[in-house]
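Next come the chains, spelled out residue by residue.
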Amino acid sequence: MNVLVRSAGFLTTVQDLGRIGFRQSGVSLGGALDSHAMRVANALVGNQNDAAGLEVTLGKLRLRFEDTRMVAWCGGAFTARIGEENLPPGHTGFVAKDQELTMIAPQTGARAWLAISDGIDVPPVLGSRSTDLRGNFGGYQGRALRDGDALPLGRSKKLPSRKRTVSEWSAPAIWATTARVRAVLRIVRGADWNRFLSRAHTSLLTRSFAVTAASDRMGARLDGPPLDRMDTSDLLSEAVAPGTLQVPPNGEPILLLGDCQTIGGYPKIAHVITADLSIAAQLCPGHQVRFHEISLMEAQSLLRQREEDFARFCVGLSLHFP
Amino acid sequence: MRIEPLGDSALLVRVVEDYGRDPEKALDAVLGAFGQLQAVGIPGVIELAPAYATVGVFFDPARIGLDALRTEIEDALQELEPARPRPGTGSTIEVPVCYENEFAPDLREVAWNAGLPVEEVVQRHSSAMYRVTSVGFTPGFPYLSGLPAALATPRRSSPRKEIPAGAVGIGGMQTGIYPRKSPGGWNIIGRTPLSLFEVKREPPALLRAGDRVRFRRITREEFEKASA
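Engineer: Talk me through the overall build of chain B; I want residue IDs and the actual numbers.
Structural biologist: From N to C terminus, chain B includes five helices and 13 strands. For chain B, the C-alpha radius of gyration of 19 Å lies close to 17 Å, the compact-globule estimate for 228 residues. Its C-alpha atoms put chain B at 55 × 40 × 35 Å along the principal axes. For chain B, buried positions account for 44% of its 228 residues.

Engineer: Could you give an account of the overall build of chain A, naming the residues involved and the relevant values?
Structural biologist: From N to C terminus, chain A includes five helices and 21 strands. In terms of overall dimensions, chain A is globule-like: its C-alpha atoms have a radius of gyration of 20 Å, near the 20 Å expected for 322 residues. Once the C-alpha set of chain A is aligned to its principal axes, its extents read approximately 65 × 35 × 30 Å. Sorting the 322 residues of chain A into buried and exposed places 53% on the buried side. If you take every contact in chain A between residues at least 6 apart in sequence, the share linking residues at least 24 apart comes to 78%.

Engineer: So what's going on with the environment of A:Val27? Which residues, and what values?
Structural biologist: By secondary structure assignment, the location of A:Val27 is in the loop between strand 2 (11-15) and helix 1 (35-44). For A:Val27, a count of 29 C-beta atoms within 10 Å corresponds to the buried category. Excluding anything up to four places from it in sequence, A:Val27 contacts A:Arg19, A:Phe22, A:Leu126 and B:Pro139.

Engineer: Just give me the short version of the sheet that holds strand 21 (residues 288-293) of chain A, but keep the residues and values in it.
Structural biologist: Residue and element names in this part refer to chain A. In spatial order, the strands read 13-20-17-18-15-14-21; together these seven strands close into a barrel with mixed pairing. The sheet shows a mean angle of 40° between the axes of neighbouring strands, taken without regard to direction. In this structure, strand 14 (residues 209-211) lies alongside strand 15 (residues 219-223), joined through two bridges in antiparallel fashion. Bridge pairing links Ala210 to Asp223 in strand 15.

Engineer: Describe unusual backbone geometry, naming the residues involved and giving the relevant values.
Structural biologist: For the peptide bond that leads from B:Glu202 to B:Pro203, omega is -5°, which places it in the cis range. Positionally, B:Pro203 belongs in the loop between strand 12 (187-191) and strand 13 (212-218). In this model, A:Asp118 sits at a positive phi of 70°, which is unusual for a non-glycine residue. By secondary structure assignment, the location of A:Asp118 is in the loop between strand 10 (111-116) and strand 11 (150-152). For A:Gln141, which is not a glycine, the phi torsion comes out positive at approximately 55°. Judged by local crowding, A:Gln141 falls into the partly exposed class, with 14 C-beta atoms found within 10 Å.

Engineer: Go over the sheet that holds strand 1 (residues 2-7) of chain A, please, and point to the residues and values.
Structural biologist: Residues and elements named next belong to chain A. In space, the six strands of this open sheet follow the order 7-6-9-4-1-11, with antiparallel pairing throughout. Unpaired on one side and paired on the other, strand 7 (85-86) and strand 11 mark the two borders of the sheet. In this structure, strand 6 (residues 79-82) lies alongside strand 7, joined through two bridges in antiparallel fashion. Looking across to strand 7, one finds that Arg81 is bridged to Asn86.

Engineer: Which residues make up the interface of chain B and chain A, and what values go with them?
Structural biologist: Contacts between the two partners involve 38 residues from chain B, matched on the other side by 34 residues from chain A. At the level of secondary structure, the elements contributing two or more residues to the side of chain B that touches chain A comprise strand 1 (2-5), strand 2 (10-14), strand 3 (45-51), strand 4 (54-59) and strand 6 (129-135) of chain B. If you tally residues by element for the side of chain B that touches chain A, the top one is strand 3 of chain B, at six residues. Partitioned by chemical class, the residues of the side of chain B that touches chain A number 25 nonpolar, nine polar and four charged.

Engineer: Which residues make up the pairing of strand 21 of chain A, and what are the values?
Structural biologist: All names here are of chain A. Relative to strand 21, strand 13 (residues 183-189) is paired through five bridges, and the arrangement is parallel. The residue of strand 21 that forms the bridge with Ile187 is Glu293. Pairing analysis gives two bridges linking strand 14 to strand 21, with the strands arranged antiparallel. Bridge pairing links Phe209 to Val289 in strand 21.

Engineer: Lay out the environment of A:Val125 in plain terms, naming residues and giving numbers.
Structural biologist: Structurally, A:Val125 can be placed in the loop between strand 10 and strand 11. With 32 residues separating them along the chain, A:Val125 and A:Gly93 place their C-alpha atoms 30 Å apart.

Engineer: Go over the nonpolar core with me, naming the residues and quoting the values.
Structural biologist: Judged by nonpolar contacts, the single largest core of 150 residues is most densely connected at A:Ala41, A:Cys74, A:Trp113, A:Leu114, A:Ala115, B:Val30 and B:Val57. A total of eight residues in this core trace back to one element, the largest contributor, which is helix 1 (residues 23-40) of chain B. A:Phe22, A:Val27, A:Val125 and A:Phe137 belong to the second largest nonpolar core, which has five residues in total.

Engineer: Lay out helix 1 of chain B with the relevant residues and their values.
Structural biologist: Residue and element names in this part refer to chain B. Taking 1.5 Å of rise per residue, 18 residues should cover 26 Å, and helix 1 covers 25 Å from first to last C-alpha, within 8% of that figure. Along helix 1, the residues that are buried comprise Ala26, Leu27, Asp28, Ala29, Val30, Leu31, Gly32, Ala33, Phe34, Gly35 and Leu37. Remark: Gly41 follows helix 1 within two positions and exhibits a positive phi of approximately 60°.

Engineer: Lay out the domain arrangement of chain A with the relevant residues and their values.
Structural biologist: When the parts of a complex come together, some accessible area is lost, and that lost area is often used as the size of the interface. Residue and element names in this part refer to chain A. For chain A, the assigned domains are domain 1 (2-178) and domain 2 (183-302). Measuring from the centre of the C-alpha atoms in domain 1 to the corresponding centre in domain 2 gives 28 Å. Here the side of domain 1 that touches domain 2 is built from residues that sort into five nonpolar, nine polar and four charged.

Engineer: Please provide a residue-by-residue account of the domain arrangement of chain B, values included.
Structural biologist: Residue and element names in this part refer to chain B. Per the domain assignment, the segments of chain B are domain 1 (2-78) and domain 2 (92-227). Placing the centre of domain 1 and that of domain 2 at their C-alpha centroids yields a distance of 29 Å. Taken together, the contact pairs six residues of domain 1 with seven residues of domain 2. In terms of residue class, the side of domain 1 that touches domain 2 is built from six nonpolar, no polar and no charged.

Engineer: Describe the packing of helix 1 of chain B against helix 2 (residues 66-78) of chain B, and please don't skip the residues or the numbers.
Structural biologist: Residue and element names in this part refer to chain B. Running from N to C, helix 1 and helix 2 cross one another at 115°; their axes reach a closest spacing of 9 Å. With respect to helix 2, the element helix 1 is oriented roughly perpendicular. Where helix 1 crosses over helix 2, the handedness of that crossing is right-handed. Seen from helix 1, the contacting residues are Ala33, Gln36, Leu37 and Val40; seen from helix 2, they are Ile73, Ala76 and Leu77. When its residues are assigned to classes, the contact of helix 1 with helix 2 shows six nonpolar, one polar and no charged.

Engineer: Talk me through helix 4 (residues 118-125) of chain B; I want residue IDs and the actual numbers.
Structural biologist: All names here are of chain B. Along helix 4, the residues that are buried comprise Val121, Val122 and His125. The arc that holds the buried residues of helix 4, viewed along the axis, is 95°, so those residues lie on one side. In this fold, the buried residues of helix 4 make contact with helix 3 (107-114), strand 12 and strand 13.

Scoring rules and cut-offs
Residues numbered from 1 in each chain as written. Chains lettered and ligands numbered in written order. Predicted model: local features only at pLDDT ≥ 70, side-chain atom pairs only at ≥ 80, totals over all residues. Helix = DSSP H or I, 4+ residues; strand = E, 2+ residues; numbered from the N terminus. Rg over C-alpha atoms; globule rule 2.2 N^0.38 Å. Buried ≥ 20, exposed ≤ 12 C-beta atoms within 10 Å, placed from the backbone. Contact = placed C-beta atoms within 7 Å. Pairing = 2+ DSSP bridges. Axes fitted to C-alpha atoms, helices over the stretch in contact; angles between N-to-C directions. Nonpolar A, V, L, I, M, F, W, Y, C, P; charged D, E, K, R; others polar. Core = buried A, V, L, I, M, F, W, Y, C linked by C-beta atoms within 7 Å. Expected span 1.5 Å × (residues − 1). Domains from an automatic or database assignment. Parallel < 35°, antiparallel > 145°, perpendicular 65-115°, else oblique. Left-handed = near helix turned anticlockwise from the far one by under 90°. Arc of directions from axis to C-beta.

This is how it looks when you write it as structure tokens:
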């Protein structure tokens, strides 16, 4: 069975948790920019964590279903409807055969992750169903969705019994709604922190930065006080990761996101902690962002805590699924 | 060797501190460490990414803590003989390149910069032995060291919006090959009909860090025949 794309919207791509194991060939991790949101949405419809769903950018998405499915989404402050009924973030919705799901432009934030029960069944490429937009492979024919596409879905398992269109159960709001009007991202120091002048440290930790229009799935380019270095010597390229805050010679930092290149030669002043990549994935041109430093220990314990909470959440949900 | 965090879910193993002093030896040491870490397979490690002087280690903090991982890496690399090359690499790959005008928009610029005739530039570029120092930028893009010093040319001041697949370029002291149509700032001096990256190939990238590369000059006819 398929889901039919009546309106593909601004930029909608098939994504899972990313492509692992090919960095040495220069292949980006990719996947949902907020992989935690994708996992939570998948859990809400009874999918495996790594099932493929949709990353919806700025909305205007309209889907028609050929059979009955569960759907769930997390991310920015979008409006989603099944037929005429509102589907709030972090809830499970039931879409009947021939019914439509619409997602309207968000009031805050940029992206949402939509899971459909039994996943989008495009062929995996290099071990993942994620769309690599620069490499033009993976996902649905290696490209963003277009009006009229028919996405194959996994064979439908038995659905839980239901009385209403929208579930009573839900995911914690902090996971379901991740856009912030004034985003504060927690950072840890990068390997090149000491290559920067102390006024760059002060600027980074006290001033706000504007997200510029040249931002995409590779990274958010930030405009603010220039972050100047002590020296201008060239660095050898080395591994970078989503969350890395790198600073090219013009002093304007780039916050790397999921589609970032595998290696880079710009100095790394800091890294946004993994737990806050959910907030980073909602940054949109014009948004303001600030940074707050925490210790590496704190960053790791936040992440471990979230993993424990997520495991408990999945156990709780499993009671609702056959 | 120095181990530094790269955010909260990765770290960088700086295998050598002074890469520039002996890049050949440094690269062997880095690839040796990469091979060793791959062979040991530390639980919780997701993947490895070598580049120049470092190996990037990506891990799952829910499965292994930073300090425990640091110890595991140190243990794994302790017995590593210096400069032991990674098994299965170091093979020499011949890359055919056509240097004819239509494939080489910046060849004259490179020749002018070097103060050499165009023919001499082609001669030198296609007789040197290169080594893949890392693969990145785009899937399958090899950064090659070993460019004859005279041919070093600064990157173009404004990058091109579109460089065709197979384009061979010079950027500073390095030479490389664009696997796919992409934007880029290197000086383009030729084109290869070889495909550098295929998702259906195992491994998908034609060239791996540590491989040696030689360019073989081919004619326009040979290029067309090979791309057909």
